[in-house]
Amino acid sequence: MIEFRDVDYSIDGRPILTGVSLYVNPGETRVILGPSGSGKSTTLRLLIGLVHPDRGRIFIEREDVTQISEERYRQIRQRIGMVFQQGALFDSMTVGENVGYALLEQNLDEDEVDAHVREALRRVGLDEGLIDRMPDEMSGGMQRRVAIARALASRDPKILLYDEPTTGLDPQSSERITDLIVHLRDTLGKTAILVTHDIADAFKVGNVITVLNEGRVVFDGPAGDLDRANNDFIHQFLAPFRKTVAAAAQRLPAGVAPRPAPAPPLRGGTS
Amino acid sequence: MIRTVIERLRRTLVTVQEFTLFTVALIRTAFIPPFYGREMMHQLYFAGIGSLLIVVVSGTVAGQALALQLARELAQSGAKSQLGHFMVISVVRALGPVLVGMVVASRMAAGITAEIGAMRSSDQIDALVAFGTDPMKRLVVPRMVALVIALPALVIIGDTLAVAGGGLVGMQYHITWESYAAGVLRYLTPRNLLVGMIKPFLFAIMIAAVACWKGFTSEGGAKGVGVSTTESVVICSVGILVLDGILTRLIFRMLHW
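Computed from a predicted structure; not experimentally measured.

1. Some words on the overall build of chain B
- Helix and strand content of chain B: eight helices and zero strands.
- The secondary structure elements of chain B, listed N-terminal to C-terminal, are α-α-α-α-α-α-α-α.
- Counting only C-alpha atoms, chain B reaches 65 × 50 × 35 Å along its principal axes.
- Every one of the 257 residues in chain B was classed for burial, and the buried ones make up 46%.
- Expressed as a percentage of contacts within chain B between residues at least 6 apart in sequence, the contacts between residues at least 24 apart total 85%.
- Accessible surface for chain B amounts to roughly 12900 Å². Of this, 71% is attributable to carbon and sulfur atoms.

Here's what the structure looks like:
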C-alpha cells in the first residue's frame with residue numbers, strides 16, 4: 001500500500017532522513033515513533049509530496065510518486081486524508097467549510113457536501129451545531145477533532161495520516177483524540193500512519209511500530225517485539241515507560257503483528 | 001570579505017531568479033482553471049471597497065496641495081488659465097497612479113503578506129496542498145485579479161477627486177470653474193489617459209506578486225511574518241517608484257514625446 005525504499009532527505013546539506021525503508025500493508029495502522037527532530041513528520045511530508053526526497057523511491061498503491069507529475073500527485077492526494085500537527089484549520093473558514101473543503105474542491109453539490117460534513121462531524125463526536133462556528137471559537141481539542149473530520153470527509157480517503165495529533169493538548173483531550181483514532185481504526189479499517197513521540201499512544205493505536213532516531217530506522221516491527229529490541233537508543237527511549245511497554249509486550253506476542261486494542265466507546269464532548 | 005560579498009551576490013541573484021519564476025508562474029496560472037470566483041470577489045471587496053476611504057482622503061488632499069502650489073506660481077506668471085492643463089498632466093500621468101499605488105500597496109501588501117505568512121507558519125498552505133489545491137490558484141491569482149481590477153478603478157477615483165480639488169483651489173485664485181474645466185477636458189486626451197491607466201495595471205501585478213511571494217517565503221513564526229510584511233511594504237513602495245520611472249521613460253519613447 002505504502003512503501004519507502006531507501007529514502008534520503010536533507011535540508012541545506014543537513015541530513016533529515018537517511019536510508020529510510022518501510023512498508024505499510026493495506027488496512028494497517030502504522031505508528032512512527034521517535035524523539036523530536038528524528039524525522040517523523042518529514043516522512044509524512046514526503047509521502048504527501050510537500051517535500052521531495054534527494055534519493056530513493058516512495059510508492060502509494062504501487063505507484064512511484066517520486067516520478068509523477070504534480071497534476072497526478074494532486075489526484076493521489078485526494079485519496080489521502082491528513083491531520084496536521086496543530087490542526088492547520090483554515091482560520092478564515094467556518095467549521096463546515098473546513099470539513100467540506102476537499103469535497104467543495106471536487107465540485108460536489110452543496111447539499112451533498114453538507115450531508116458529508118454532518119456525517120464526518122458525527123463520526124468524530126462533535127455536535128452538528130458547530131458547523132457555523134469559526135475555528136478560533138473552539139478549544140484545542142475540538143479543533144483537532146474538526147481536523148480529523150476534515151481528513152475523513154475527503155471523498156473516501158483510502159489513507160489517513162496523523163501528524164502528532166495530540167501535541168499541545170491537555171491529558172484529557174489528548175486521550176479523547178487517541179480514543180477517537182482507535183475507534184476510527186476499528187470502524188473504518190483504513191490504512192493509517194500515526195506519527196507520535198508518545199509511547200503510550202503508540203502502543204494504544206499501532207499494529208506495527210517504526211522507531212526513528214536521527215533520521216534512521218532503528219526498529220521496524222510488531223509492537224510486542226519493541227521491548228526486546230537490541231538497541232541502546234530504544235532502551236533509553238523506552239526507559240521512562242517500562243510498565244506501558246511491558247504490559248504491551250505481554251499482551252502482544254513477539255514476532256506476531258499485534259491485534260489492535262479494542263476500541264473504546266466514542267465519547268462526545270467539548271474538549 | 002570577498003567571499004561574503006560573493007555569497008551575498010549569489011543569494012540576491014537566486015532570490016531574483018525565484019521571484020521571476022514565481023511571477024511568471026503566477027501570470028501563467030491566472031489563465032488556467034479552476035477560478036476561485038468567491039475568493040476573487042472577497043479579495044476585490046477587500047482591495048477596492050476597503051481601500052476607498054484612504055484613496056478618497058489622499059486624492060483630495062494631495063490634489064489640493066498640488067493645485068495650491070501650481071496656482072500660486074501660475075498666478076504670479078500670469079498663466080492662471082493653465083491650471084487645468086497642469087493639473088491633468090501632473091495628476092493623471094504621474095501623481096495619481098503613484099500616489100494611489102503607494103497608498104494601496106502599503107495597505108494591501110501588508111495584509112496579503114501577513115495573511116499568507118501566517119497561513120504558512122500554521123501549516124494551512126501545506127493543508128491546501130494536502131487536499132489537492134494549488135495554493136497559487138487559490139491564494140495568489142484571486143489577489144492579483146482583484147488588484148488588477150481595483151487599482152485602476154481606485155486611480156480613476158483618486159485622479160477625479162484630485163483634479164476636482166484643483167478646481168476648488170483655482171476658485172480661490174479667481175479661476176472660474178468653467179475655464180478650469182475647459183483646460184482639464186482639453187488635455188484629458190486618450191493618450192494621457194492611457195499613460196495613467198497602464199501604470200496602475202502593472203503596479204497591481206507587482207504588488208500582488210511581491211506580497212504573495214514574501215508571504216510564501218516567510219520563515220520563523222510570528223517574527224518571520226513581521227519581517228516579511230515590513231520587507232513586502234518597502235519593496236512594493238520602492239518598486240512602484242522605480243517602475244514608474246522606467247514606464248515613464250518607456251512610454252515617452254514609444255509615444256515620441
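Alright, that's what it looks like, and here's the rest.
2. Quick notes on unusual backbone geometry
- Of note, the bond from B:Pro33 into B:Pro34 is cis; its omega dihedral lies within 30 degrees of zero at 5°.
- Turning to its location among the elements, B:Pro34 is positioned in the loop between α1 (2-29) and α2 (37-76).
- Not every positive phi belongs to a glycine, and A:Glu61 is a case in point at roughly 45°.
- With respect to the helices, strands and loops of the structure, A:Glu61 is situated in the loop between β4 (55-60) and β5 (63-64).

3. With respect to the confidence of the model for chain A
- Residues of chain A with pLDDT of at least 70 account for 91%, and the chain-wide mean is 87.
- Throughout residues 256-271 of chain A the model reports pLDDT below 50, and contacts reaching past four residues in sequence, or to other chains, amount to 47 contacts.

4. Thoughts on the side chain of A:Ser38
Residue and element names in this part refer to chain A.
- Tracing the backbone shows Ser38 in the loop between β3 (29-33) and α1 (40-47).
- For Ser38, a relative accessible area of 2% puts it in the buried group.
- Among all residues touching Ser38, those that are not within four sequence positions of it are Ile16, Leu17, Leu212, Asn213, Glu214 and Gly215.

5. Quick look at the interface of chain A and chain B
- With 20 residues of chain A in contact, the opposing surface of chain B contributes 15 residues.
- Counting the surface lost from both chain A and chain B, the interface buries some 1600 Å², and carbon and sulfur atoms represent 56% of this.
- The largest contributions to the chain A side of the interface with chain B come from A:Arg74, A:Phe90 and A:Tyr101, which together make up 28% of the buried area.
- Where chain A meets chain B, there are two salt bridges.
- Between B:Asp126 and A:Arg45 there is a salt bridge, and its shortest N-O distance comes to 2.8 Å.
- In this structure, the connection of chain A to chain B is made through seven residue pairs in polar contact (both at pLDDT 80 or more).
- Of all the elements in the fold, those that place two or more residues in the side of chain A that touches chain B are α2 (70-77), β6 (80-83), α4 (101-105) and α6 (140-153) of chain A.

6. Focus on the nonpolar core
- Counting residues in hydrophobic clusters, the biggest one holds 85 residues, and the most contacted among them are A:Phe4, A:Leu161, B:Leu147 and B:Ile207.
- For this core, the element with the most residues is helix α7 (residues 190-216) of chain B, which contributes 13 residues.
- Not counting residues up to four positions away in its chain, the partners in contact with B:Leu147 are B:Ala47, B:Val104, B:Met108, B:Ile112, B:Pro152, B:Ala204, B:Ile207 and B:Ala208.
- If you look at the next biggest cluster of nonpolar residues, it comprises 50 residues, including A:Val31, A:Leu89, A:Ala202 and A:Val245.

7. Observations regarding the packing of α2(B) against helix α3 (residues 83-121) of chain B
All names here are of chain B.
- At a closest axis distance of 9 Å, the pairing of α2 and α3 adopts a crossing angle of 145°. The crossing of α2 and α3 is right-handed.
- Taken together, the residues of the contact of α2 with α3 break down into 20 nonpolar, six polar and one charged.

Definitions and cut-offs
Residues numbered from 1 in each chain as written. Chains lettered and ligands numbered in written order. Predicted model: local features only at pLDDT ≥ 70, side-chain atom pairs only at ≥ 80, totals over all residues. Heavy atoms only, no water. Helix = DSSP H or I, 4+ residues; strand = E, 2+ residues; numbered from the N terminus. Buried < 20%, exposed > 50% of the residue type's maximum accessible area, 1.4 Å probe, protein only. Contact = heavy atoms within 4.5 Å. Areas by Shrake-Rupley, 256 points an atom, 1.4 Å probe, with all protein chains shown as cover. pLDDT = per-residue confidence, 0-100. Buried area = accessible area lost by both parts, 1.4 Å probe. Salt bridge = Lys/Arg side-chain N within 4 Å of Asp/Glu carboxyl O. Polar contact = N/O pair within 3.5 Å; in protein donor to acceptor, adjacent residues only side chain to side chain. Core = buried A, V, L, I, M, F, W, Y, C linked by side-chain atoms within 4.5 Å. Axes fitted to C-alpha atoms, helices over the stretch in contact; angles between N-to-C directions. Left-handed = near helix turned anticlockwise from the far one by under 90°. Nonpolar A, V, L, I, M, F, W, Y, C, P; charged D, E, K, R; others polar.

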